[in-house]
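# Fold and contact review
Spelled out, the chains give:
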Amino acid sequence: RPGLYSIKDETTVLSAISLAGGPLERGAMRSTVVVRGDPAKPQRVPCNLARLIDKGDLSQNIILQSGDVVIVPETKRPDWGKISQMLGTILNLSYLRRYGLF
């Protein structure tokens with residue numbers, strides 16, 4: 001759930017993501033970025049949370065500072081569930097058109 005969250009001292013990226021409800025199924029945990037500093041020249045700090053979770057690499061669990069923005073982008077892999085739903089809808093519509101029901 002994107003939004004503003006108040007954090008305490010020593011809050012980490014993983015804690016902040018948990019506070020926001022956890023990553024979505026389509027979240028690219030490998031590509032997580034913390035944006036901090038001056039909005040005109042922000043610093044982008046990459047943190048591979050997949051490496052943290054899979055291999056226990058604690059260096060990826062960055063401690064947040066006031067004003068930090070955590071970005072977990074969406075994966076670029078196709079969402080086969082949505083594709084399947086769209087194909088089903090198209091097939092149903094073509095069936096209805098063929099038999100004059102639509």
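Note that the coordinates shown come from a computational prediction; the quantities given were computed from them, not determined experimentally. (Residues numbered from 1 in each chain as written. Predicted model: local features only at pLDDT ≥ 70, side-chain atom pairs only at ≥ 80, totals over all residues. Heavy atoms only, no water.)

## Regarding the pattern of salt bridges
Side chains that differ in sign of charge can pair as their charged atoms come close. Under the criterion given, the structure shown has two salt bridges. We note a salt bridge from aspartate 68 to arginine 36, for which the minimum N-O separation is 2.7 Å. Note that aspartate 68 is positioned in the loop between helix H2 (49-55) and strand S3 (69-71) and arginine 36 in strand S1 (residues 33-36), a separation of 32 residues in sequence. Taken as a pair, aspartate 68 and arginine 36 share a single burial class, namely buried. A salt bridge links arginine 51 to aspartate 57, with the shortest nitrogen-to-oxygen separation between them at 3.7 Å. Look at arginine 51 and you get partly exposed, because its relative accessible area is 37%. (Salt bridge = Lys/Arg side-chain N within 4 Å of Asp/Glu carboxyl O. Helix = DSSP H or I, 4+ residues; strand = E, 2+ residues; numbered from the N terminus. Buried < 20%, exposed > 50% of the residue type's maximum accessible area, 1.4 Å probe, protein only.)

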